[in-house]
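Observations on the model geometry
Each chain, letter by letter, is given below.
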Amino acid sequence: MRLTRCHLDQPLAVGTTAVLPEAIAQHLLRVLRLREGDACVLFNGDGHDCDARIVAVGKREARVEITARRLIENESPLRITLLQGIARGEKMDWIVQKATELGVARILPVLSERSEVRLNGERAERRLAHWREVAVSACEQSGRALLPELAPPQPLAQAAGLRDGPGFVLDPLAEGSARSVAASLQRACTLAIGPEGGWSPRDLEQLRAAGFGGLRLGPRVLRTETAGIAAIAVLQALAGDLG
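The shown structure was predicted, so the numbers you read here are calculated from the model rather than taken from an experiment.

1. Here we look at the environment of valine 169
- For valine 169, the position within the fold is in strand β10 (residues 167-170).
- Between the C-alpha atoms of valine 169 and serine 184, which are 15 residues apart in sequence, the distance is 16 Å.
- Setting aside its immediate chain neighbours within four residues, valine 169 contacts Ala192, Trp199, Leu204, Leu207, Phe212, Gly213, Gly214 and Leu215.

Here it is as structure tokens:
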């Protein structure tokens, strides 16, 4: 039987004990009906899974003992950065979730000229914390033991300068197809996906100046919540770990 994996943001070492915060304890004890002596799996995002055993149960928390630590080697050999124009509401949650499941290494939420979402100060911090929770849940479900890097919302010009490997902007009229560029990929690439309104001419100039080129992914224009996920899946199938 597959054991439930829970993310615990603290050091985890064999032979030590850890106190599970209320939310995790309630999920294991009230939802999954685990009891003292039962096993679970914890991870803190450092690339390992830790086998644990519940040794004490309280009203609002539980204590576990770490019994084993295993390296999880299921990261893609292709390090994909998703530079994503921030989408509205649940669309952005969906993008973060699916990109994490598909093995993206880094997500750069971007504020561009045509962005319909404006974030600054405390609101930006709240959204970033929420997206990180979405990514953690996706790792728990998908078996990833490394959390993708999720950067704070930032202007396009700043994010474009963080390009890792070849940079691509989806364009139905571009000469290069996913299959043609996949052969040239070594270890990393960056996908730039616009918001609902797409990239403006000024946005595209900034991306070209930062070294991004066009990438054809079929003859149709895809929505922002479809484009990046489709491109990630194709590149992972051609040069990563899907297939």
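2. Looking at the pattern of salt bridges
- If you walk through the whole model with that rule in mind, you get 14 salt bridges.
- As a salt-bridge pair, arginine 126 and glutamate 122 come within 3.3 Å of each other at their nearest N and O atoms. Placement of the pair is arginine 126 and glutamate 122 together in helix α3 (residues 121-142), with a separation of four residues, close to one helical turn. Each member of the pair arginine 126 and glutamate 122 is classed as exposed.
- A cluster of three or more residues bridged by salt bridges with shared partners is formed by Arg79, Asp164 and Arg187.

3. Looking at the packing of helix α2 (residues 89-101) against α3
- Relative to each other, α2 and α3 sit at 40°, their axes nearing to 8 Å. With respect to each other, α2 and α3 are oriented oblique. The two elements α2 and α3 cross, and the hand of that crossing is right-handed. Mapping the contact onto sequence places Gly89, Met92, Asp93, Val96, Gln97, Thr100 and Glu101 in α2 and Arg127, His130, Trp131, Val134, Ala135, Ala138, Cys139, Gln141 and Ser142 in α3.

4. Considerations on the nonpolar core
- Within the largest apolar cluster, 34 residues are counted, with the highest numbers of intra-cluster contacts made by Ile80, Leu82, Leu191, Ile232 and Leu235.
- Elements with a contribution of two residues or more to this core: β6 (79-85), α2, β7 (106-111), α3, α5 (178-182), β11 (188-193) and α7 (224-239).
- Sequence-distant contacts of isoleucine 80, that is, excluding residues within four places in its chain, are made with Val104, Ala105, Arg106, Cys189, Leu191, Ile232, Leu235 and Gln236.
- One finds Cys40, Cys50, Ile54 and Ala62 within the second-largest nonpolar core, a separate group that totals 18 residues.

5. Let's talk about the packing of aromatic side chains
- Scanning the entire structure with this criterion turns up zero aromatic pairs.
- Here the guanidinium or amino end of arginine 5 rests over the ring plane of phenylalanine 43, the centre of that ring lying 4.2 Å away.

6. So, the pairing of β10
- With three bridges connecting them, β10 and β11 associate as parallel partners. Bridging across to β11, phenylalanine 168 finds its partner in leucine 191.
- Sheet topology places β10 next to strand β12 (residues 212-215); four bridges connect them, and they run parallel. Across the sheet, valine 169 pairs through a bridge with glycine 214, a residue of β12.

7. Some words on the environment of aspartate 203
- Assignment of secondary structure puts aspartate 203 in helix α6 (residues 201-209).
- On the basis of relative accessibility, which here comes to 3%, the residue aspartate 203 falls in the buried class.
- Once the C-alpha coordinates of aspartate 203 and alanine 157 are considered, the two residues, 46 residues apart in sequence, prove to be 8.2 Å apart.
- Contacts of aspartate 203, omitting those with residues within four sequence positions, involve Ser112, Glu113, Arg114, Leu156 and Gly198.

8. Some remarks on the sheet that holds strand β5 (residues 62-71)
- Taking strand neighbours across the sheet as the criterion, the five strands line up as β1-β3-β4-β5-β2 in an open arrangement whose pairing is mixed. Each of the sheet's edge strands pairs with one partner strand only, and the pair in question is β1 (5-7) and β2 (17-20). Sheet twist, expressed as the average angle between the axes of neighbouring strands with direction ignored, equals 40°.
- Inspection of the sheet shows strand β3 (residues 39-43) paired to strand β4 (residues 48-57) by four bridges, in the antiparallel sense. Bridging from a neighbouring strand, cysteine 40 pairs with alanine 52 of β4.
- Sheet strands in contact with helix α1 (residues 22-31) are β1, β2, β3, β4 and β5, and its direction is about 90° off that of β2.
- The sheet contacts of α3 involve β1 and β3, and relative to β1 the element is tilted by about 155°.

Analysis parameters
Residues numbered from 1 in each chain as written. Predicted model: local features only at pLDDT ≥ 70, side-chain atom pairs only at ≥ 80, totals over all residues. Heavy atoms only, no water. Helix = DSSP H or I, 4+ residues; strand = E, 2+ residues; numbered from the N terminus. Contact = heavy atoms within 4.5 Å. Salt bridge = Lys/Arg side-chain N within 4 Å of Asp/Glu carboxyl O. Buried < 20%, exposed > 50% of the residue type's maximum accessible area, 1.4 Å probe, protein only. Axes fitted to C-alpha atoms, helices over the stretch in contact; angles between N-to-C directions. Parallel < 35°, antiparallel > 145°, perpendicular 65-115°, else oblique. Left-handed = near helix turned anticlockwise from the far one by under 90°. Core = buried A, V, L, I, M, F, W, Y, C linked by side-chain atoms within 4.5 Å. Phe/Tyr/Trp six-rings, centres within 6.5 Å; stacked < 30°, edge-to-face > 60°. Lys NZ or Arg CZ within 6 Å of the ring centre and 35° of its normal. Pairing = 2+ DSSP bridges.

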